[in-house]
Amino acid sequence: MSGGPEQAHGSSAGEAAADDTDWDGLQREAIAAMRRAYAPYSHFPVGVAGLVDDGRTVSGCNVENAAYGVGLCAECGMVSELVRTGGGRLTSVYCVGGDGEALMPCGRCRQLLWEHGGPDCRLMTPEGVLRMDEVLPQAFGPDNLEESR
C-alpha cells in the first residue's frame, strides 16, 4: 500500500476505541470483488466489502451499462447481497478502486451505507477509518420519514 499501513489504517477521532475489524481481510475481499467488476466504458473497476452485525461478509462490484446513467455502483451490489442473504446492519465497510486502495463512496452510496449501517458503521477512507456520521453529517434517513407522519 502506498503510504504504509499506518496511513491507510490510521485512526480518526471517530474510530471506535475497540475496533476489532479485520480491515486487511475486508480490503482483500473488496479487491477480489473489484476484479469481477464490469467496467468496459469507464475502465474504473470498483469493489467493496462489508462486515455485517451477524459476522457475515458481503461484497459487490460496479456493473456498467451502455446507457451510462443506469450502471450500478459496487455498494449497490453489496447492499443487494446483504438483503438477499438475510439483511442485518453493516458495521464496517471497505471500498477500493482499481489500485486496491481505499476509495471514498459517491454521495448516493454514502446514503445507501447510512441506510444499511447507520451512524456507527465504520468506513475505511483514504484518510483512515471514519464513522458514517462523520462521512455523512446530518444525514437524512428512515427516522426523518417517521417524524413527518
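A brief structural summary. None of the values given here were measured: they were computed from a predicted structure.

**Describing the pattern of salt bridges**
Pairing is possible between side chains of opposite charge, provided their charged atoms come close. Taken as a whole and judged by the stated rule, the model has four salt bridges. In this structure, Asp120 engages Arg131 in a salt bridge whose closest nitrogen and oxygen atoms are separated by 2.7 Å. Of this pair, Asp120 sits in the loop between α4 (107-117) and β4 (122-125) while Arg131 sits in strand β5 (residues 128-131), and the two are 11 residues apart along the sequence. In this structure Asp120 comes out as partly exposed when scored by relative accessible area, which is 49%.

**Comments concerning the sheet that holds strand β3 (residues 90-96)**
Ordered in space as β2-β1-β3-β4-β5, the five strands form an open sheet in which the pairing is mixed. The open sheet terminates on both sides in strands that have one partner only, identified here as β2 (57-61) and β5. Across the sheet, the axes of successive neighbouring strands diverge by a mean angle of 20 degrees, strand direction being ignored. Two elements, β4 and β5, share four bridges in a ladder whose sense is antiparallel. Directly across from Met124, in β5, lies its bridge partner Val129. Here helix α2 (residues 23-34) sits on the sheet in contact with β1 (47-52), β2, β3, β4 and β5, set at roughly 55 degrees to β3.

**Regarding the packing of aromatic side chains**
According to the stated counting rule, one finds two aromatic pairs in the structure shown. With a centroid separation of 6.2 Å and 55 degrees between ring planes, the pair formed by Trp23 and Tyr94 is classed as tilted. Of this pair, Trp23 sits in helix α2 while Tyr94 sits in strand β3, and the two are 71 residues apart along the sequence.

**Quick word on the side chain of Glu75**
Structurally, Glu75 is set in helix α3 (residues 74-84). For the buried Glu75, no salt bridge is present, and the opposite-charge side chain at shortest range is Arg108, 7.6 Å distant. When neighbours within four sequence positions are excluded, Glu75 is seen to be in contact with Val48, Cys95, Pro105, Cys109 and Leu112.

**A look at the state of the cysteines**
Under the counting rule described, the total for this entry stands at zero disulfides. Lacking any disulfide linkage, Cys95 is separated from the closest cysteine sulfur, that of Cys109, by 7.6 Å.

Rules of the game
Residues numbered from 1 in each chain as written. Predicted model: local features only at pLDDT ≥ 70, side-chain atom pairs only at ≥ 80, totals over all residues. Heavy atoms only, no water. Salt bridge = Lys/Arg side-chain N within 4 Å of Asp/Glu carboxyl O. Helix = DSSP H or I, 4+ residues; strand = E, 2+ residues; numbered from the N terminus. Buried < 20%, exposed > 50% of the residue type's maximum accessible area, 1.4 Å probe, protein only. Pairing = 2+ DSSP bridges. Axes fitted to C-alpha atoms, helices over the stretch in contact; angles between N-to-C directions. Contact = heavy atoms within 4.5 Å. Phe/Tyr/Trp six-rings, centres within 6.5 Å; stacked < 30°, edge-to-face > 60°. Lys, Arg positive; Asp, Glu negative; His and termini not counted. Disulfide = S-S within 2.5 Å.

In short, the description is geometric, and any link to function would need to be established separately.
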